[in-house]
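Examining the three-dimensional arrangement
The chain contents come next:
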Amino acid sequence: MTSLPTNRAKTLKEAYRACDVKPLTGDDIARYYVDLSAVRNTVAIDGVSTDLDIQESGEFSTILFTGHRGCGKSTELKRIQSRWQNEYRVIYIEFDQELDVLDAEYTDLYLLVINKVADDLTKLGLKFDSKLLESFESWFKDITQENEEIVQSSVSLETEASAGLEIPFVSKLTAKLLGQIKGSSQQKKVIRETLQRNLSRLQTDINLLLKNAFEKLIRKYSGRYEKGFLLIVDNLDRIPPNVGNHLFFDYAPQLQELDSTIIYTVPISVIYSNKNVSNLFNNPNIVPMVNIYESNRTECDLNHNQQKLEGVASLIEKRVDVSAVFDDRQRLLDLAKASGGHVRQLMQMTRSACRTAITRKHSKILAEDVTYALNQQQFDFERSTPTPEYYTILARVCIDKDIAKDEIGQQLLFNLSVLEYNGNSRWNYVNPLVKQSYAFQQALKSIQENP
């Protein structure tokens, strides 16, 4: 499957399409993936595969995968999915497509997990043991006070109708409950309170079903899926800092009690908490920015590292014929500098420059088109950043190369105003687009004149 143009873009319209910010999937990975290991610390990515490799059949683990939104995590997770699809039965879940990122609870995740595993088992033509399933379904119906007729009439069963599949009641009921959780706040509250009152039974029964599903897999696919299910819960990093703190600190044990290997994407703000997420989970795997700078903790304005800048630019060169689309290759390097090493920001600005050039009837991207694209992204940051107090904090980050582990610090990491770089050391720096704003420059000047 491919969604991007099959050849490198040679026109502005083709380049606009080629710089789509969606994660690479299917054939696009082989065609457009750029290995950034020479310019970015890839220990986190490699470490996940190491954990999956070490794990024996019948063992389970909870893996945290984090980094700034748009840094390339989803593409890396798709590659992990592809790499391990024979040893594990991989179920890829885009959390924001299933539930509300502004209000996530661990009970929602429990429902999501059993719903996806039940659906997947059905696709494979497998069934849970009937007695086990009947017991769980009967209890589930009792506590939720749902009956089969009502559930049947309220859940879309297109798959069942078209494929002639017998969908288990637990799939239909969890699908309905998940739909309600995404709906009104009153329905959401009732469902969550009901599940939490019976949490012990819910955990026990879900784990019995997961164990049963694993046994069915092993029995049917000899030599394949030997390590069981691997659930990848992507886009969970889009939940706001306060929701992320609640989920990953208040309910850390519950997130690790399901008998399946699960990769959770975690908001980077969560790891910037004085509660220290490593006390509750194994060390999180952090995908850092591509460090395009010559690190120097004594300077506020950093020089760029040409090799790493070229590495970032290669993300565009893999998709776009630069000589055909840019009037000068320097325009691409200007975009790479303004990206701060952030993959999605680079794609967004390149797209914006293409669109601007097309609108202005230019045959290629000119310097003024790049400037316009950068300004628009800068203005977006300015609209969402309170003045002057946040700019004072941002100016301090520029000087100190570190961000406070407090609510404002988490918010600035979440909205990408501050980026993390790591390798041999860890440090923070201000997003280049924020750094060029007038408010930031005034705040920096004030601090430097009154240290």
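It should be noted that the structure appears before, not after, this text.
This text gives an overview of the structure that appears in the document. (Residues numbered from 1 in each chain as written. Predicted model: local features only at pLDDT ≥ 70, side-chain atom pairs only at ≥ 80, totals over all residues. Heavy atoms only, no water.)

1. Brief notes about the state of the cysteines
Within the structure shown, the criterion is met by one disulfide. Covalent S-S linkage joins C300 and C398, the inter-sulfur distance amounting to 2.4 Å. Disulfide C300-C398: the torsion about the S-S bond is 110°, which places it as right-handed. In this pair, C300 sits in the loop between β5 (285-287) and α16 (306-317) while C398 sits in helix α21 (residues 389-400), placing the two residues 98 residues apart along the sequence. You can call C300 buried: its relative accessible area is 9%. With no disulfide of its own, C71 lies closest to C19 among cysteine sulfurs, the gap being 18 Å. By relative accessible area, C71 is classed as buried at 0%. Its sulfur unpaired, C354 is 5.8 Å from the next cysteine sulfur, which belongs to C19. A residue is classified by how much of its surface remains accessible, and C354, at 0% relative accessible area, is buried. (Disulfide = S-S within 2.5 Å. Helix = DSSP H or I, 4+ residues; strand = E, 2+ residues; numbered from the N terminus. Buried < 20%, exposed > 50% of the residue type's maximum accessible area, 1.4 Å probe, protein only.)

2. Some points on the environment of K275
With respect to the helices and strands, the residue K275 is situated in the loop between α15 (268-271) and β5. As for K275 and N245, which are separated by 30 residues in sequence, their C-alpha atoms are 9.2 Å apart. Contacts of K275, omitting those with residues within four sequence positions, involve F249 and D250. (Contact = heavy atoms within 4.5 Å.)

3. Looking at the layout of surface pockets
Estimates place the volume of the second largest pocket at around 430 Å³. Contributing elements (two or more residues each) for the lining of the second largest pocket: α4 (73-83) and α19 (343-359). The element best represented in the lining of the second largest pocket is α4, accounting for four residues. Of the residues belonging to the lining of the second largest pocket, the class tally is 11 nonpolar, five polar and 11 charged. (1 Å grid on protein atoms, 1.4 Å probe; cavity = no way out; pocket = protein on both sides within 12 Å on 5 of 7 lines; lining within 4 Å. Points joined across faces, edges and corners; volume = space filled by probe spheres on them. Nonpolar A, V, L, I, M, F, W, Y, C, P; charged D, E, K, R; others polar.)

4. Remarks on empty space enclosed by the protein
In this structure the tally under the stated criterion is one cavity of 30 Å³ or more. In this model, the largest cavity occupies a volume close to 50 Å³. Taken together, G67, H68, R69, D237, P267, I268, S269, L413 and F414 make up the lining of the largest cavity. When contributions to the lining of the largest cavity are tallied by element, the ones reaching two or more residues are α15 and α22 (407-414).

5. Comments concerning the sheet that holds strand β1 (residues 62-67)
Overall, parallel pairing links the five strands, which are arranged β2-β3-β4-β1-β5 in an open sheet. The sheet terminates laterally at β2 (89-94) and β5, the two strands that pair on one side only. On average, adjacent strands in this sheet sit at an angle of 20° to one another, irrespective of strand direction. In this structure, β1 lies alongside strand β4 (residues 261-266), joined through five bridges in parallel fashion. The residue bridging T62 from the neighbouring strand is I262, located in β4. (Pairing = 2+ DSSP bridges. Axes fitted to C-alpha atoms, helices over the stretch in contact; angles between N-to-C directions.)

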